[in-house]
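Observations on chain architecture
If you want the building blocks of each chain, they are given just below.
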Amino acid sequence: AQSVTQLDSQVPVFEEAPVELRCNYSSSVSVYLFWYVQYPNQGLQLLLKYLSGSTLVESINGFEAEFNKSQTSFHLRKPSVHISDTAEYFCAVSSGGSNYKLTFGKGTLLTVNP
Amino acid sequence: KAGVTQTPRYLIKTRGQQVTLSCSPISGHRSVSWYQQTPGQGLQFLFEYFSETQRNKGNFPGRFSGRQFSNSRSEMNVSTLELGDSALYLCASSPFGEDGELFFGEGSRLTVL
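Residues numbered from 1 in each chain as written. Chains lettered and ligands numbered in written order. Predicted model: local features only at pLDDT ≥ 70, side-chain atom pairs only at ≥ 80, totals over all residues. Heavy atoms only, no water.

1. Considerations on the interface of chain A and chain B
Opposite the 21 residues of chain A that make contact, chain B presents 23 residues. Buried area between chain A and chain B, summed over both chains or domains, comes out near 1800 Å², and the portion from carbon and sulfur atoms is 53%. Along the contact surface separating chain A from chain B lie 1 salt bridge. Here E101 of chain B and K49 of chain A are joined by a salt bridge, their closest N and O atoms 2.4 Å apart. Here chain A and chain B share 6 residue pairs in polar contact (both at pLDDT 80 or more) between them. Mapped by element, the contributors of at least two residues to the side of chain A that touches chain B are β5 (32-38), β6 (44-50) and β10 (87-94) of chain A. (Contact = heavy atoms within 4.5 Å. Buried area = accessible area lost by both parts, 1.4 Å probe. Salt bridge = Lys/Arg side-chain N within 4 Å of Asp/Glu carboxyl O. Polar contact = N/O pair within 3.5 Å; in protein donor to acceptor, adjacent residues only side chain to side chain. Helix = DSSP H or I, 4+ residues; strand = E, 2+ residues; numbered from the N terminus.)

Spelled out as structure tokens, the structure:
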């Protein structure tokens, strides 16, 4: 069985500060890893994904995440956040192939203050 | 390209009633998944359909069911509603559903009184 742990339920930061949202996963098989973002009253949007290859993946809006197999982590980082980054962020894992589902963490609410 | 469309967006039901939620996937996507989102349990997988066949099912009671039509549109049904069924129900589609990259709708918010 797979599981995802997001270590912080809430992360408040000031605008232009760096941020790291932590995610650890547990799985007995190779995994695909994802970060999804949910803005208020909306569905989830894919932020970035790791399927294979380079362990550092980037999004178009400045976020990046690094897959660390030995530490079973996939932390999300951004060097300088904006007010518009305020949202809930979900880490998710999938085994792909015949396992057609995502297992999500509980989410981290990122609040960017002016 | 239109996104995933879910209807209705909001609905209120009473205990014991049943509800049907609808999802239209992105054109060309053949995999449709459903998730339940609640403050306490977070996002939980309900089921996934591909070409009208249920390929995977989460740990929900039999009151939760779904189906997929030949045009890939999907419906989920919850019978004998309980207070604990109040949640945001999210539908997601993907071309084949094999790598976990999903495109989500805005959800149907169900309130059970």
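2. Examining unusual backbone geometry
Residues and elements named next belong to chain B. The linkage connecting T7 with the following residue, P8, adopts the cis geometry, with an omega of -10°. Mapped onto the elements of the fold, P8 is located in the loop between β1 (5-7) and β2 (10-13). You will see that S51, though not glycine, has its phi angle at about 45°, which is positive. Assignment of secondary structure puts S51 in the loop between β5 (42-50) and β6 (53-57). Exposure remark for S51: the relative accessible area of 35% places this residue in the partly exposed category. Not every positive phi belongs to a glycine, and E52 is a case in point at roughly 70°. Within the secondary structure layout, E52 lies in the loop between β5 and β6. (Buried < 20%, exposed > 50% of the residue type's maximum accessible area, 1.4 Å probe, protein only.)

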